[in-house]
Amino acid sequence: MAQGSRVVGEIRAQGSGERLSHVVVQLEGVEASASANTEGRFELLCGLKGDHIIRIEAQDYELKRLPVTLGDGVLDLGIIYLQREAVSEKSDYYITLTSDELSGEAEIIGSAELLQATRDIFLNRAAFDFGQAFFKVRGYDSKYGTVLLNGIPMNKLTDGRPQWNNWGGLNDITRNQEFSYGLQASPNNFGGILGSTQIDSSPSAQRPGTRVSGSFSNRTYAGRIMATLNSGTTEKGLSYAFSASRRWAKEGYMKGSIYDAYSLYGALEYRYAPKATLMLTGIFSTTRRGLSAAVTQEVHQLGGGRYNPYWGWHGGEIRNSRERLIREPVLMLNHSYDSGRLQLNTAIAYQFGSQGRSRLGYFSAPNPDPTYYRYLPGYYINSPIGANFIGASMAREGFLRDPQLNWQKLYQANTNSSEGGKAAYLLYSDTNQDKVFTIQNITNFQTSKDLAITWGAGFQKMASHNFARIKDLLGADFHEDLDPFTDTRNDQKGDLRKGVGSIFNYDYTLQGQVLDVFAQFTINREKWNAFLSGNYNSTTYFREGLFLNERFPEHSAGRSPRVSFSNPGGKAGLTYKISGRHWISLHGALLNKTPVLQDIFINPREHNGLVPELQREHISTADLNYNVRLPYLTGRLSGFYTRFQHTTDVNFFYVESGLGAEFVQEVLTGLDRLHMGVELGLEYDASASVKVSVVAAIGKHLYASDPEVTLNFVPGIDPGTGLQSVGGSLPLGTARIKDYRLAQGPQQAYSLGISYRDPEYWWAGVTANYLTANYASIATIARTRSFILNPETGMPFPEATPENVDRVLMQYPLDKSYFLNVVGGKSWLNKKTYISLFASINNLFDAVYRTGGYEQSRNGNYGQFVTDNQGGSPSFGPKYWYGTGRTFFLNLAFSF
């Protein structure tokens, strides 16, 4: 390489002339890169000739691309000025808010949070525009992407997803991120099929100085203040950083959705030798948020787009029955060594704390939910004995008069003297308290100019305590801890009467440990580069019940059998460089993945029962990419194919099936999914100030098998009622769901954008977005043979012909979504103070659209399904989440 060409230069900030360090200079399409030193100087060893693009990238600054012609000798680029990137405030809005979009019963988790570190135009648009409609890149759940915080994997063992609220509000110290997309090789870990994000919060990686900002919005929170101090590195090698933020709202865009969050960060870094550092980091974030619900079309038409049934007025204040509270501090110790050719990073972390979701419980009392089907007009229209229009009209008037949760009635019911102080209603919290210890090591070694080796090993151990705790007896004296359906005790060895603060209903722990190792070899040549990576994962789980449940006396208390999986996997990639500005890459992987904890136990709240015939998930995937990097045109065209095999899914619901009515746990095994499609992203520099971009995603994500379905329920306590007479488990055979579309957000998305940046440091941009092929999640039990059976006779309904069944179970796409987003900003430099203003308006024309939903499983037989749907407003029709209307975000920041 020393005999080839070299590129040198100096990087400074435009306006202030400040020399910039922590700048990455890279030849596009080539692994060769260099970093600017403390004086802003860099030296890039290329070893190549011909036309190429030099890419200069720094945190909080605009990306600069310079076309160059390389030959023998040294190419001196002189002083290169970078302009501050006001648009970086954009991530404060979209990422913080989309990561918090949680529904009451389920989480709509996209992949937008993973993508904020990339400048790829397709991924950028997927995060910041499509993300508001819960678009998922390639249809993947976020559990297939890996998030590392200072080298520590932050994906939860329970559901596989990262919990972004653990560092929510600390945008200043989480800006420094390295993203590897899809199956690309990563210097930080083996990665997932969605990619990996490494967040580096070390003080030495942050820009020295102080930053203070304030934000206003009408979406998740109304206001935010944030302050960050970074010392820079002293002559003694010390550096430290502190950051704090506060976010709040009496209610967000959805009515009754309170928001209250605090975040604190502190880090101390010491360079005790020229090549080695130690760092201690502490992060504490607490987030309290009122949740909102998916609702039927009938409820949406009655209540409007911002309607939320979970709240009501109490004492003149908004009180939400469904709140989520997250407090999970994390402590980290990092050691790093960097000799140039060898980088060694070791991290140890301990995370603890709790997550809780509150809800109302009711016992031998009417359902307090104002959207309960018996309180709505559709119940009277769809009556089996004929439509009752007078009753429907009265129900409609009653709902419009009092559409919210009535806290006063709950207190009145609990203080009824005939109950003797026993609670008919109570407010409780489903809580899990996790303790997680992690140790991780990553080593990168450049063995020669062509070959680099990366290897790593990690160990994680988790103990998760899960229980329900009484928060408020709502005026009652005690709660009688009995199951309301069977009148059996949840805690045979404990007190029957329980008060505020008591654990009731269920109490158990989940233990898990994971050992993961990987190795990666990367080869770089003039015309091609390649990598080969392999990993091995060993996982062990078990449950320990702390309550002796009267319904499952033999296997509710004590330890379950251990569940262990060993998962080998590998991936590889090859890139061929047609020229310095065009290249093609091909990636492929064969992976095995342990089922997440929530899909291993049938009903961990009550017993130790395991999902039968558990298998590890097998993933086979490949993608082909064409990249173009011209001076005025950049882009990527990709095609992908992914097949998931042997997956498991566990669902809970009440069903009135052809075999009886009962609250059941539905277990699906042998479930395959297929994801395939094309991605396109192009950005054209029409002039020095104007950029035009075109983005498209065309996907097809569907079920690729007919899984086996088993129902589990309380066995034989009352043999004369419903499914209980059969026993505790009932195989239903296969569900005919192959080729149904997956509920993974919009499967097609298109966008056209234009942006303008003025030399006087103001800018504006508009994107027009169109999303379609979005589907609600299907009710699997309705696709089994039990659906056509008459529960009164046990024989098929005569009218339940295959044609009629296919017609009523037809899967239709949700609304097509059209929305226009506008962003803009202005920046000023006053001596050493940098001021930036950022503003955005989302969904400018206030379009109404559904972001997702699910079919309710209550109508589990053909006769009831048809009866419920005959009036056009089914009581148990699909429930939907609706996108926000017109929203805004405004941020003003001062850096000095």
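Anything mentioned here points back to the structure above.
Residues numbered from 1 in each chain as written. Predicted model: local features only at pLDDT ≥ 70, side-chain atom pairs only at ≥ 80, totals over all residues. Heavy atoms only, no water.

### Regarding the pairing of strand β41 (residues 817–830)
Stage number 1. Alignment of strand β40 (residues 762–772) against β41, held across 10 bridges, turns out to be antiparallel. For W763, the partnering residue across the bridge sits in β41 and is G825.
Stage number 2. The pairing of β41 with strand β42 (residues 833–842) spans 9 bridges and is antiparallel. The residue bridging G824 from the neighbouring strand is A839, located in β42.
Stage number 3. Here β41 folds back onto β42 in antiparallel fashion, the turn holding 2 residues, of which K831 has a positive phi close to 55°. (Pairing = 2+ DSSP bridges. Helix = DSSP H or I, 4+ residues; strand = E, 2+ residues; numbered from the N terminus.)

### Examining the packing of aromatic side chains
Stage number 1. The final tally for this structure, using the stated rule, is 29 aromatic pairs.
Stage number 2. Between the aromatic rings of Y506 and Y508, the centroid separation amounts to 6.0 Å while the plane-to-plane angle is 40°, which identifies the pairing as tilted. Here Y506 matches Y508 in class, with each residue buried.
Stage number 3. With a centroid separation of 5.7 Å and 50° between ring planes, the pair formed by Y854 and W881 is classed as tilted. Within this pair, whereas Y854 is found in strand β43 (residues 850–854), its partner W881 is found in strand β45 (residues 879–882), the two being separated by 27 residues in sequence.
Stage number 4. For W881, a relative accessible area of 12% gives the class buried.
Stage number 5. Three or more aromatic residues joined by ring pairs make a cluster, and in this case those are Y372, Y373, Y375, Y379, Y380 and F876.
Stage number 6. Seen from the ring of F478, R497 lies directly overhead, with NZ or CZ sitting 3.9 Å from the centre.
Stage number 7. Taking the ring centre of Y880 as reference, the NZ or CZ of R850 above it sits at 4.3 Å. (Phe/Tyr/Trp six-rings, centres within 6.5 Å; stacked < 30°, edge-to-face > 60°. Buried < 20%, exposed > 50% of the residue type's maximum accessible area, 1.4 Å probe, protein only. Lys NZ or Arg CZ within 6 Å of the ring centre and 35° of its normal.)

### Some details on the sheet that holds strand β10 (residues 177–181)
Stage number 1. Judged by pairing direction, the sheet is mixed, and its 4 strands sit side by side in the order β9-β8-β11-β10 without closing on themselves. Here the strands that pair on one side only, and so sit at the sheet edges, are β9 (152–153) and β10.
Stage number 2. Pairing analysis gives 5 bridges linking β10 to strand β11 (residues 195–199), with the strands arranged antiparallel. Across the sheet, Y181 pairs through a bridge with G195, a residue of β11.

### Topic: empty space enclosed by the protein
Stage number 1. Counting across every chain of the model gives 8 cavities of 30 Å³ or more.
Stage number 2. Taken as a whole, the largest cavity spans an internal volume of roughly 850 Å³.
Stage number 3. If you trace the largest cavity, you find 37 residues lining it, with T146, V514, D516, N537 and K593 closest to the centre.
Stage number 4. Mapped onto the lining of the largest cavity, the elements with two or more residues apiece are β8 (145–149), β24 (425–446), β25 (451–472), β28 (503–524), β29 (528–545), β31 (563–579) and β32 (582–593).
Stage number 5. Residue composition of the lining of the largest cavity, grouped by class: 15 nonpolar, 18 polar and 4 charged. (1 Å grid on protein atoms, 1.4 Å probe; cavity = no way out; pocket = protein on both sides within 12 Å on 5 of 7 lines; lining within 4 Å. Points joined across faces, edges and corners; volume = space filled by probe spheres on them. Nonpolar A, V, L, I, M, F, W, Y, C, P; charged D, E, K, R; others polar.)

### Description of unusual backbone geometry
Stage number 1. In this structure, N150 is a non-glycine residue whose phi angle is positive, near 50°.
Stage number 2. Here N150 is to be found in the loop between β8 and β9.
Stage number 3. According to the relative accessible area criterion, N150 is buried, its value standing at 5%.

### Let's talk about the pattern of salt bridges
Stage number 1. One pass over the full model with this rule turns up 37 salt bridges.
Stage number 2. One salt bridge in this structure joins R319 and D472, with 2.9 Å as the shortest N-O distance. Taken as a pair, R319 in strand β19 (residues 317–320) and D472 in strand β25 lie far apart in primary sequence, 153 residues in all.
Stage number 3. Several salt bridges converge on common partners, so that one network encompasses E28, R55, E57, R65 and R629. (Salt bridge = Lys/Arg side-chain N within 4 Å of Asp/Glu carboxyl O.)

### Comments concerning the nonpolar core
Stage number 1. In terms of nonpolar packing, the biggest core is built from 29 residues, with F130, F135, V137, I193 and L771 touching the most fellow members.
Stage number 2. Listed by contribution, the elements that provide at least two residues to this core are α2 (121–128), β10, β32, β34 (633–657) and β36 (690–703).
Stage number 3. For this core, the element with the highest residue contribution is α2, accounting for 4 residues.
Stage number 4. Once residues within four sequence positions are removed from consideration, I193 is found in contact with Y140, Y144, G182, L183, L591, I619, T621, T642 and F644.
Stage number 5. By size, the runner-up hydrophobic cluster in this structure holds 27 residues, among which are F653, Y740, V805 and L809. (Core = buried A, V, L, I, M, F, W, Y, C linked by side-chain atoms within 4.5 Å. Contact = heavy atoms within 4.5 Å.)

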